[in-house]
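Structure at a glance
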Amino acid sequence: MKRTRLDDPNSWQATMNTLAKAVIQGTLLLSILLTMSAWAEIPVRQALILDDGQQQHELHVEIARTAAQRARGLMERDALPAEAGMLFVYDSEQSGSNAYWMYKTRIPLDIAFIDSQGVIRSLRTMSPCRSTSSRECPVYPAGAPFRAALETNAGYFAAHDIAVGDRIELAPWLEAP
């Protein structure tokens, strides 16, 4: 190992340059490692077709099939792309008294409650709940039995003339394991 003489300015500068490079490289590596978990959270979206009887609209949706996925939903997201959403799929029909809430959800959303035939049975617009207590957040009951629920950015359904009675191609997600 080469020893650096502290009284030699050239040796001292070379050592400091080497140390600075190592610190910069270590910091870069650490920042990459810390953001890798965020890369794993990039949502996978699939095309979903909505039919208002006049026109078909395509949304790119994330699928929430498990209880844990449905519970997490779109919580803690700062934005949702304009033509994106989340489809919540259930193994069996859910009661019309079942409700969604917006605890820890930062963006306003529309929700469509859909029966097993893919028919929209009710629509709601939900506001973000900024409370730190889930008990202080309003709930949004479906109002009709449903097999799936579709969340989009607030205003999406009105902007695309999607209404109760319109259809969503739901069969592929009901048949999937």
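You'll find the structure just up there.
Definitions and cut-offs
- Residues numbered from 1 in each chain as written.
- Predicted model: local features only at pLDDT ≥ 70, side-chain atom pairs only at ≥ 80, totals over all residues.
- Heavy atoms only, no water.
- Buried < 20%, exposed > 50% of the residue type's maximum accessible area, 1.4 Å probe, protein only.
- Helix = DSSP H or I, 4+ residues; strand = E, 2+ residues; numbered from the N terminus.
- Pairing = 2+ DSSP bridges.
- Phe/Tyr/Trp six-rings, centres within 6.5 Å; stacked < 30°, edge-to-face > 60°.
- Salt bridge = Lys/Arg side-chain N within 4 Å of Asp/Glu carboxyl O.
- Disulfide = S-S within 2.5 Å.
- Contact = heavy atoms within 4.5 Å.

Of all eight residues in strand β8 (residues 146–153), eight are buried, a share of seventy percent or more. Inspection of the sheet shows strand β3 (residues 84–94) paired to β8 by six bridges, in the antiparallel sense. Bridge pairing in β8 links Phe88 to Ala149. Where strand β5 (residues 109–114) meets β8, six bridges bridge the pair, whose relative direction is antiparallel. Looking across to β8, one finds that Leu109 is bridged to Asn153.

Before going further, it helps to spend a moment on the packing of aromatic side chains. Under the defined criterion, the tally for this structure stands at six aromatic pairs. With 5.6 Å between their ring centres and 85° between their planes, Tyr90 and Phe146 make a pair best called edge-to-face. Within this pair, whereas Tyr90 is found in strand β3, its partner Phe146 is found in strand β8, the two being separated by 56 residues in sequence. By the burial criterion, Tyr90 is buried, and Phe146 matches it. Considering the side-chain rings of Tyr156 and Phe157, the 5.9 Å spacing of their centres and the 80° angle between planes classify their relative orientation as edge-to-face. Accessibility classification places Tyr156 together with Phe157 in one group, the buried group. Cluster of aromatic residues (ring-pair linked, three or more members): Phe88, Tyr90, Tyr100, Phe113 and Phe146.

Attention now goes to unusual backbone geometry. Peptide bonds are, in most cases, trans, and in most cases residues other than glycine have a negative phi. Of note, Glu76 is a non-glycine position whose phi angle comes to about 60°, a positive value. You can see Glu76 is positioned in the loop between α2 (67–72) and β3. Glu76 sits in the partly exposed class, given a relative accessible area of 36%. At Asp161, a position not held by glycine, the phi torsion is positive, near 55°. Within the secondary structure, Asp161 is located in the loop between α3 (156–159) and β9 (167–168). We classify Asp161 as exposed; its relative accessible area is 59%.

What follows covers the pattern of salt bridges. Scanning the entire structure with this criterion turns up four salt bridges. When the shortest N-O distance is used, the salt bridge between Arg77 and Glu62 registers 2.8 Å. Separated by 15 residues along the polypeptide, Arg77 in the loop between α2 and β3 and Glu62 in strand β2 (residues 56–64) bring together distant segments of the chain. Through salt bridges with shared partners, one network takes in Arg45, Glu62 and Arg77.

This part is about the state of the cysteines. Here the structure, examined in full by the defined rule, presents one disulfide. Put simply, Cys129 and Cys137 are joined by a disulfide, and their sulfur atoms are 2.0 Å apart. Measuring the twist about the S-S bond at about -85°, one finds the Cys129-Cys137 disulfide to be left-handed. We classify Cys129 as buried; its relative accessible area is 9%.

All right, on to the pairing of strand β6 (residues 120–126) then. Where β5 meets β6, six bridges bridge the pair, whose relative direction is antiparallel. Note on β6: the bridge partner recorded for Asp110 is Thr125. What sits between β5 and β6 in their antiparallel hairpin is a turn of five residues, with Gly118 showing a positive phi close to 90°.

Okay, the environment of Asp161 next. In sequence terms Asp161 and Gln55 are 106 residues apart; their C-alpha atoms lie 9.4 Å from each other. Ignoring sequence-local partners within four residues, the contact set of Asp161 consists of Asp52 and Asp166.

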